[in-house]
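Tertiary structure, described
Given next are the chains, with one letter for each unit.
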Amino acid sequence: MSFTRQLSEMSASELNDAIDDTNFPQAHILSRGRNNSVCSTSSTSGTSSLAAANDDVANGSAATGQSTVQATATGTTAAGGDEVAPSGPVRPRLILKSNSSIVENDGHENCTFHHDLELDHKPPTREALLPDMARSYRLLLGGLGENPDRQGLIKTPERAAKAMLYFTKGYDQNLEDVLNGAVFDEDHDEMVVVKDIEMFSMCEHHLVPFYGKVSIGYLPCNKILGLSKLARIVEIFSRRLQVQERLTKQIAVAVTQAVQPAGVAVVVEGVHMCMVMRGVQKINSKTVTSTMLGVFRDDPKTREEFLNLVNSK
Ligand SMILES: Nc1nc2c(ncn2[C@@H]2O[C@H](COP(=O)(O)OP(=O)(O)OP(=O)(O)O)[C@@H](O)[C@H]2O)c(=O)[nH]1
Ligand SMILES: [Zn+2]
């Protein structure tokens, strides 16, 4: 079972619990400390990599089905492995600890879609859902009073089913596959920001699109992520039935999972077609959601620097 499945299953409030700032040791809150801050390189049990975190799950070393975020602050490790006193303040590293029970291997361990939705039937792939989906769209056309057999509509049920499959293709993806090993050791502790990543998602309440842009920042702790992977993480979670709040948090938690940085910031700006084309019909309204973890949450200067970068043209 992948950690990504747990993230995508979590409701917004469960994600809130997972990233509750009570999991961060307040005593270690830092100002930016750019020049003399030291990231932990020691390998205490709390500083597991993505693979190690997943191993924890595979080994069943934890059992509650909840994921928590922890920050650890440890000294640097010399080449020989001995702990040495850090020369400056230690920036706490954000660690996600995966606490999940194991599900039995039923042959569908790679089928994120099945796991996400707890389907009764277990299609080998999501494409196997196409005939049922097409039949549903055909019924829908009939329900609208249309003639599904008229020339223009004959292939519409199948086209619509394929389109919906595409809009929700994130169910087929998981973090580990998408990262594809593109996590690099790098002695870099400056802020990394990728902003204005286009996002298209589907409102889970009305099954109509919401779209907008996502900006992600993180403060590395000796590990950096291939830049395109931030945009790919956005795709994993936006290409599902979503609410914007959960999407925002899932992205932040996934970046934490990937590189255990000192902090992660995510801002999502979305236009919800359910508020534009129907309902209150507010065509100019935008919804802005943010998740700030670690130093972005605790240090106003770091947060401000991120927001300035995001808001600059
Ligand atoms: N918090 C949140 N709400 C959303 C999102 N997408 C859609 N919604 C809201 O989901 C709510 C559903 O409310 P309901 O009263 O059950 O449905 P409704 O009658 O269609 O609501 P109206 O849109 O007000 O007409 C609406 O307020 C939507 O605006 C989202 O991403 N986050
Ligand atoms: Zn909606």
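Here the residue numbering is sequential within each chain, running from 1 through the sequence in written order. Naming scheme: in the order in which they are written, chains are lettered from A and ligands are numbered from 1. Only residues with pLDDT of 70 or above have their local features reported here, since the model is predicted, and side-chain atom pairs are shown and tallied only from 80 upward, although totals for entire chains, interfaces and linings are computed over all residues. With hydrogens and water excluded, all non-hydrogen atoms of the structure serve as input to the side-chain values.

So, on to the pairing of strand β8 (residues 192-203). Strand direction decides the pairing type here: β8 and strand β9 (residues 209-219), joined by nine bridges, are antiparallel. In the sheet register, Ile 197 faces β9, and the bridge partner there is Val 214. One requirement defines pairing of two strands: DSSP has to find at least two bridges between them. Numbering of helices and strands runs from the N terminus, with a helix taken as a DSSP run of H or I at least four residues long and a strand as a DSSP run of E at least two residues long. Turn length for the β8-β9 hairpin, with the two strands adjacent in sequence and antiparallel, is five residues, and the turn residue Leu 207 shows positive phi of about 55°. Pairing geometry for β8 and strand β11 (residues 241-242), over two bridges, is parallel. If you follow Cys 203 over to β11, its bridge partner there is Gln 242.

Moving on to the coordination of the zinc ion (ligand 2). Coordination here is defined by N, O and S atoms within 2.8 Å of the metal (3.2 Å for Na, K and Ca), and since water is not considered, a site can look incomplete. Protein-derived coordination of the zinc ion (ligand 2) comes from Cys 203 (SG), His 206 (ND1) and Cys 274 (SG), at a distance range of 2.0 to 2.3 Å. Between consecutive donor residues of the zinc ion (ligand 2), the sequence gaps follow C-x2-H-x67-C. We call a residue buried when its accessible area falls under 20% of the maximum for its residue type, exposed when it is over 50%, and partly exposed in between, using a 1.4 Å probe and counting protein chains only. You can call Cys 203 buried: its relative accessible area is 4%. For His 206, a relative accessible area of 36% corresponds to the partly exposed category.

Now for the confidence of the model for the protein. Per-residue confidence from the predictor is reported as pLDDT, which spans 0 to 100. Of the residues in the protein, 62% have a pLDDT of 70 or more, and the chain-wide mean is 76. When checking whether two residues touch, look at their non-hydrogen atoms; a contact exists if any pair is within 4.5 Å. This model gives residues 1-5 a pLDDT under 50, and the stretch forms 22 contacts once residues within four places in sequence are excluded.

Okay, the sheet that holds β11 next. Taking strand neighbours across the sheet as the criterion, the five strands line up as β11-β8-β9-β12-β13 in an open arrangement whose pairing is mixed. The two strands at the open ends of the sheet, each matched to only one other strand, are β11 and β13 (287-294).

A word on helix α5 (residues 130-143). With 14 residues, α5 extends 20 Å between its outermost C-alpha atoms, agreeing within 8% with the 20 Å of an ideal straight helix rising 1.5 Å per residue. Of all the residues in α5, the buried ones are Leu 130, Met 133, Ala 134, Tyr 137 and Leu 141. Take α5 and look down its axis: the buried residues cluster within an arc of 100°, on one side only. Along α5, exposed side chains directed more than 90 degrees from the buried face belong to Arg 135, Leu 139 and Gly 143. Here the buried face of α5 lies against α6 (156-167). One or two positions beyond α5, positive phi appears at Gly 145, with a value near 90°. Here the expected length of a helix is defined as 1.5 Å per residue gap, with one fewer gap than residues. Think of it as the arc spanned by the lines of direction from the helix axis to the C-beta atoms.

Let's shift gears to the side chain of Ser 201. With respect to the helices and strands, the residue Ser 201 is situated in strand β8. For Ser 201, the side chain forms a polar contact with the main-chain oxygen of Ser 238, separated by 2.6 Å. Of note is the side chain of Ser 201, whose polar atom sits 3.4 Å from the backbone oxygen of Arg 240. Here Ser 201 is in contact with Val 208, Pro 209, Phe 210, Ser 238, Arg 240 and Gln 242, once residues within four sequence places are set aside. Throughout this description, a polar contact denotes any pair of N or O atoms lying within 3.5 Å of each other; where both atoms belong to protein, one of them has to be capable of donating a hydrogen while the other can accept it, and for residues adjacent in sequence the pair is counted only when both atoms sit in side chains.

Near ligand 1 you find Cys 203, His 205, His 206, Val 243, Gln 244, Glu 245, His 272, Cys 274, Met 275, Arg 278 and Gly 279, and these make up its full shell. At 2.7 Å, a side-chain N or O of His 206 approaches an oxygen atom of ligand 1. The contact in question runs from a nitrogen atom of ligand 1 to an N or O atom on the side chain of Glu 245, over 2.7 Å. All accessible areas in this document rest on Shrake-Rupley with a 1.4 Å probe, and a residue is counted as covered only by the protein chains that are shown. Protein contact buries 51% of the 620 Å² of open area that ligand 1 shows by itself. For the shell around ligand 1, the residue count by class is four nonpolar, five polar and two charged. Any residue with a heavy atom positioned within 4 Å of a molecule or strand is treated as near that molecule or strand. Amino acids outside the nonpolar list (Ala, Val, Leu, Ile, Met, Phe, Trp, Tyr, Cys, Pro) and the charged list (Asp, Glu, Lys, Arg) are all regarded as polar, and Gly is one of them.

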